[in-house]
Each structure stands twice: as C-alpha cells, then as structure tokens.
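# Coordinate analysis (summary)
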Amino acid sequence: MSKAAEIDIVSVSKIYGATTAVHEISLKIPAGTYCCLLGPSGCGKTSTLRMIAGHETISIGDIRLGNAVVTDLAPAKRGTAMMFQSYALFPHLDLVDNVAFSLKMKGVDKDERRAKALDMLRLMQLEAYANRRPAQLSGGQQQRVALARALITDPEALLLDEPLSALDPFLKIRMRAELKKLQTSLGITFVHVTHSQEEAMALADIIVIMNDGRIEQAAHPRTVFERPATAFVAKFMGDHNVVSGRVTQSSDDGLMISVPAGGDFLATPTGTSALSETADIAIRTDRVRVGAPTEKGLGFTGLVSNVEYRGASVKLTVNGAGVEDFTVILSDKEFFANPVKVGDAIPLSWERADALVLGRLKH
Amino acid sequence: MATITSSETNGVERAGKSFRLPLAVISYLQAVPLTLILGFFLLLPILMIAVVSFWDYDFAQMYPDFLTMNYEETLGSWVTWKTYLNTLKYAFLVWAITLFIGFWVAYFLAFHIRTTSMQMVLFLICTVPFLTSNIIRMISWIPVLGRNGLINSALTGSGVISQPIEWLLYSDFAVVLAMVHLYTLFMVTPIFNTLMRIDKSLVEAARDAGATSWQVLTNVIMPLAKPGMAIGTIFVVTLVMADFSTVQVMSGGQSASVALMMKNQMSLLQYPAAAANAVVLLVLVLMMVAGILRIVDIRKEL
C-alpha cells in the first residue's frame, strides 16, 4: 500500500522555558517496525511523538524520515499521520467527511474524495455508519474512524498517542490485536506512545523506555524483559527485583555487592557496565526459589510480609538482609507443595545466571 | 431482632403518614416559585397587551371591546411598513457588523492568547464599558461626532476638509455606530464561550491533515462556532428590534423604529394601538428567533 520510512532522531531536545522535557535523545526506528515509546507520565514520550509529527517544534537536534530531514516541515508535509489520544474527530462532520478531510484540504473534488473515504471506511468495517456523526459511535468505532482518517493520507509512518487509553479493558485487548494486524498488513512504521508495559510487550518490535526526558533502553521486548539495561527499566517493567549496594569484590565472572546493614549479593556482569563504587543488580522475580542457596550471595533469608494468590502463580513479598519488598513469584504447584504464611522466615535462592548487573545512564 | 425491625418499620410508616406529601405534590410545589414569577412578570403582561390590543380608545380613555381596528390601522398604514423596514435595516446592519467584530475579538481571545488568566483579564476589559449606563455611552458619542465635535474639528483643523461632515451625527450612520458599540459584547460573549469549548486537538488534527490556517478557520472553527453565533444573533436582533432610545437620540428624531413608534403612540395615550403594534413586533421577533433556531442547533450550548 505504501512504502515505510525509517525514522532517525538525532540528539533531539525539547526545552519549555526553564524545563527540559526531552534531553538530547537519539533513536533509530527501522522502516516497517512497530515501536512503542513507554514510560511514566511526564517522561517526555508524548513530546517526542509530537516532535516527530511536527506538532511541537524541535528545540535542538534533527529528525529524519526516510531520506528527508523533516525538522522544520509542516505536519502534513512529513509523510506522517497522527492519531490523537482523544481521537480528535470533527464533531460537526459525518464519518465520510471526517475521513475525507485531508483530501478536501488538498482540493480533491467531492465525488472522488467521498468515494475514497467510503473505501477506507469499508476497510475499517464502518461503511454502515458512513453518515453518522462521531458522537453517535462507540469508543472502538471512533478509534477506527480516527485510524481511517490518518491512513487515507497514505503515510509512511503512523504516530499513535495513547490510542487505547480511552477504551475499556476488554476492548483494549481486541483493538490491540487489530492495531498489530493493521501494522503487519500495511507494513508501515508505527510509533505508539503508551504507559502500559503489557501493551508495549504485546505490540512492539522495539520498546523505547523513557524516563525524565532520556531513553533508558531501546530494544526488542525480549531483551528488555531478559536484560533490562538500567535499574529504572528493571523496576518499571516490574519483572525484576533491584538490589543496590557497595561493590566489595569484582572479577570477570562475578561481582559481589554488599547492601548497607544487610547481606552480600553476587551477580553476573553484563560486560559493558563500568566499575564503580556502587552497583545495582536485578534478580528475576519468577526465578527465585524457596530453599537454601548453593553459593554465597545467591540468596538470603527473610520474613514474608505479604502473600498474594494469583491463580496460576503466587506472589510473595519478603523483607530481609537489608532488602525491602523483595518479590517472589512462585507457581501455584510449588507454593502449595510447601505453603508459607505471612510472618514466616524463609530462605530464598536463585541461579547465578538470574542475577544481572545493571548499567547506569551517564547524566 | 424481629421485634426491633417491626417496630422500626411501624415508626417509619407513622412518620410517613403524618409528614410526607405525595411525590407529585412535592414536584409541583418545587415548580411553584418560578411559575409565579414567570406568570406575573411575563405571561400576564403579554396577555394584557394582547387583550388591550383589541380594545377601543379615544383621546382620553380606553373602552373594553373586541375590535380588529387597531391591527387594521397598524398593518394598513404605509408608515408602519416603512418603520418596520427601517428597523429591519438597522437590525441587519448591526447584526452583520457585530457578528464580524464579535467573531474576530472572540477568536483572538480564544486562540491567540495563551494563558487562561490573560484571556480572562482581556475579556473583563471588554466588559468595562458596560459598567456605565447605555444612555451615557450613547450620549458620549455626541461630542465626538457632532458638527463641532472632535472628528469634525480635527479634520477641518488639519485642512483635510473645508466643511464639517454632516452625516456623522443624527443619521443612520450614527444610529448603527452607537448600536454596534452597545451590543457587540452580546456577540463576543457567546462566541467566545463556544470557541473556548473547541478541543485544541481538533485544530492539530486539521493541520495534520494538511489544512492551512484559513482552511482550519473555515472548515473547523467557524462551523463549530455556529451555535455561539446563533445565540449572539438572537441577543443582538431582539435588542435592536426593541430599541427606541438609541434611535431617538442618535438620529435626532429623523429616523424611526418600531419601538419608537410605540413609544410615541403611548405618549399620545393610544395604548390599544401601541399594544397591537407590540403584538405584531413580538410575533415578528419570535418568528426570527424560530428561524435562527431552525438553522442552527444551539441545544449543546445551553
């Protein structure tokens, strides 16, 4: 249907008066990928998206789309189309005119643009509602209209600003699948802003995790999950326990840290992490077992402070060895073979491979 | 437990019998105050005007009767028709000018002023003239526009013209100018209100679709401002149609409006004739408002 474009963001900053919303980020989004910008609110993900779209000026840096530098181009001249958070459908126009809006702006004559818009509505299975106003549609239908309106411009990249946040949880999962299917069939680049880890994991080819105007990690979801780059990523994705402490012993095959007023923890260095006085290590929550450690630094003994039953798994919260709120996810089988209660002291252990040394961003 | 429950329910029932009125009566009672106010101050006077319009009269007295003479005289006279046309001309001119000015003032306030506090400050500045009375604001035009007023003396003094411009004061121009001055805010306020409700992301969506500033204005903002324009139009049209003081003062008695005609009839004690005129005017204005409401749906704004 259309050719996809690579998006190249080169040391882009966004400065509002005295505050820096986006701090010199660089990112390359390959053509035809589904990229999710993920982060807590205020992390700069929406500003980044709006700068790609051209609705926000770029304070410093450049953005390239395909072969063109689009830094100073108007939104419509960039070959991008944006889908707004609240969909921003024109309330005074029916669906056909909403979808045909950009064609009308280009001066395409009425019959031709209405025919094209109807084709697009048919693709979105909305032709039955063609003469309705947006207010007469459900949230999911409105979203499809917004998609149709964005796609009629035949964009090289589609930019989506929290497209699923207005939908109820059930519809969210259905529309998520539709978005992924659409991206696969169109083959164009999608950039999707979200604050939901689950959404990003389910959709993305590349997850870009942002915090405080900086990119913490940009990688395939599996890499983000298995090898979080920083303590922020590990905590934000929620699948790792992060333990911070002073480095006491360091060698090629192991790094030992000591938690203030607590135990020692051993971890595998991930190669690039530079040596410093303190370090953060991440331990996968679902790889922790109840039982004595085989080696020093690969476990501790703590008091269970909370037990949460989740069906297939059970989540334990354990305090001890200077570590607060250490999360353990046990399968229901493992848990019920040897159940524990709140207040019990239990030994925990894990494999050497499940503890990683985390990197730190240079600020 | 059982005994406690039953005694409680008994208590409630007793209380209900002694205190509570039926729900329907309560609803009617709640509607009474507004009904009384509207009844006494709106419906009753209109009814009285309608009744009196059918009465007979002479130079000193009114006689209860049922005559259509007042309507025949009103509608049969070419003076009435000319006066109505003149009033409609004022209404149209003032409407067109206030709509133009009102829209751009509101547009500037809503889309070009960034902070809400600054918008409010500027909006309040717009309302400052309204802290003085209509009459004073109107009369203050006289020293500006008069034969020896500010404009004429400035122009003659600087040698641009040799004779003072006569049509500045006591003319249709003066009437329309004063009315525009008096009524523009009634156009600004509702339009500003509508524009403030337009989601800014609609403008961005239009830009994303390649719209130029002018296209955003004509394809998004103006259509969405229609309800505000309609409400402003209703205000301005009804005010101009009922105006007599501005016409009298600013035209120097050379032009007439329907309301001025009624005022003159009343000063001649021809109340039934004035009443018939009032009924005709009321019907005309209501038809105009109905016409506006047919074109634009203002329900969202209320």
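Cut-offs and rules
- Residues numbered from 1 in each chain as written.
- Chains lettered and ligands numbered in written order.
- Predicted model: local features only at pLDDT ≥ 70, side-chain atom pairs only at ≥ 80, totals over all residues.
- Helix = DSSP H or I, 4+ residues; strand = E, 2+ residues; numbered from the N terminus.
- Rg over C-alpha atoms; globule rule 2.2 N^0.38 Å.
- Buried ≥ 20, exposed ≤ 12 C-beta atoms within 10 Å, placed from the backbone.
- Contact = placed C-beta atoms within 7 Å.
- Pairing = 2+ DSSP bridges.
- Core = buried A, V, L, I, M, F, W, Y, C linked by C-beta atoms within 7 Å.
- Domains from an automatic or database assignment.
- UniProt positions renumbered as here; feature names shortened; annotations may be inferred.
- Axes fitted to C-alpha atoms, helices over the stretch in contact; angles between N-to-C directions.
- Left-handed = near helix turned anticlockwise from the far one by under 90°.
- pLDDT = per-residue confidence, 0-100.
- Nonpolar A, V, L, I, M, F, W, Y, C, P; charged D, E, K, R; others polar.

A count of helices and strands for chain B gives 14 helices and two strands. Computed over C-alpha atoms, the radius of gyration of chain B comes to 27 Å, more than 25% over the 19 Å expected from 2.2 N^0.38 for 302 residues, which places it beyond the range of a compact globule. If you line up chain B on its principal axes, its C-alpha atoms span 105 × 70 × 35 Å. In chain B, which comprises 302 residues, the share counted as buried stands at 29%. Once local pairs closer than 6 in sequence are excluded, the contacts in chain B between residues at least 24 apart make up 70%.

Here the focus is the interface of chain A and chain B. Taken together, the contact between chain A and chain B spans 16 residues of the former and 14 residues of the latter. For the side of chain A that touches chain B, the secondary structure elements donating two or more residues are β6 (80-83) and α3 (101-106) of chain A. Per-element accounting of the side of chain A that touches chain B gives the leading share, four residues, to α3 of chain A.

Further remarks concern the sheet that holds strand β16 (residues 299-309) of chain A. Residues and elements named next belong to chain A. Pairing is antiparallel across the open sheet formed by five strands, whose spatial order is β15-β19-β16-β17-β18. Of all strands in the sheet, those with a lone pairing partner are β15 (289-290) and β18 (323-331), marking the two edges. Of the strand pairs in this sheet, strand β17 (residues 313-320) and β18 are connected by seven bridges, and their pairing is antiparallel. If you follow L316 over to β18, its bridge partner there is V328.

Moving on, we get to the nonpolar core. In terms of nonpolar packing, the biggest core is built from 112 residues, with V99, A148, L159, V191, V208 and I281 of chain A touching the most fellow members. Formed jointly, this core draws a minimum of three residues from each of two domains, domain 1 (7-226) and domain 2 (231-358) of chain A. Setting aside anything within four residues of it in sequence, one finds V191 of chain A in contact with I7, I29, C35, L37, L49, I52, A157, L159 and L160 of chain A. Counting 51 residues, the second largest nonpolar core, distinct from the first, contains M179, Y183, A230 and M250 of chain B.

Take the UniProt feature "transmembrane region" (unreviewed entry) in chain B next. With numbering matched to this structure, UniProt assigns "transmembrane region" (unreviewed entry) to residues 21-54, 90-109, 121-142, 173-192 and 271-296 of chain B. Within residues 271-296 of chain B, the helical portion is 96% and the strand portion 0%, while the C-alpha atoms at the span's ends are 37 Å from each other.

Attention shifts here to the packing of helix α2 (residues 23-52) of chain B against helix α14 (residues 271-295) of chain B. Residues and elements named next belong to chain B. Here α2 crosses α14 at 120 degrees, and the two axes come no closer than 8 Å. In the packing of α2 onto α14, the handedness of the crossing is left-handed. In this structure, α2 uses I49, A50 and V52 to contact α14, whose residues at the interface are Y271, P272, A275, A278 and V279.

Moving on to the sheet that holds strand β7 (residues 157-161) of chain A. Residues and elements named next belong to chain A. Here we have six strands laid out as an open sheet, ordered β6-β7-β8-β3-β9-β10, and mixed in their pairing. Either end of the sheet is taken by a strand with one partner, and the two such strands are β6 and β10 (214-219). Averaged over all pairs of adjacent strands, the angle between strand axes in this sheet comes to 15 degrees, irrespective of strand direction. Two strands pair when backbone bridges link them, and strand β9 (residues 206-211) and β10 are joined in this way by five bridges, in the antiparallel orientation. Note that in β10 the partner of N211 across the bridge is R214. Lying over the sheet, helix α5 (residues 139-151) contacts β6 and β7, oriented at roughly 165 degrees with respect to β6.

All names here are of chain B. Overall, the predicted model of chain B reaches an average pLDDT of 86, with 93% of residues at or above 70. Here helix α1 (residues 2-19) stands out as the element of chain B with the lowest mean pLDDT, 50, in contrast to helix α4 (residues 78-112), whose mean of 93 is the highest. This model gives residues 1-13 a pLDDT under 50, and the stretch forms zero contacts once residues within four places in sequence are excluded. Two numbers describe this predicted complex: its pTM, 0.78, and its ipTM, 0.77.

What follows covers the domain arrangement of chain A. Think of interface size as the accessible area that goes away when the parts come together; that is how it is often given. Residue and element names in this part refer to chain A. The domains assigned to chain A are domain 1 (7-226) and domain 2 (231-358). Placing a centre on the C-alpha atoms of domain 1 and another on those of domain 2 gives a separation of 38 Å. Taken residue by residue, the interface counts seven residues in domain 1 and six residues in domain 2. Going through the elements one at a time, β9, β10 and α8 (221-226) are the ones with two or more residues in the side of domain 1 that touches domain 2. Taken together, the residues of the side of domain 1 that touches domain 2 break down into three nonpolar, three polar and one charged.

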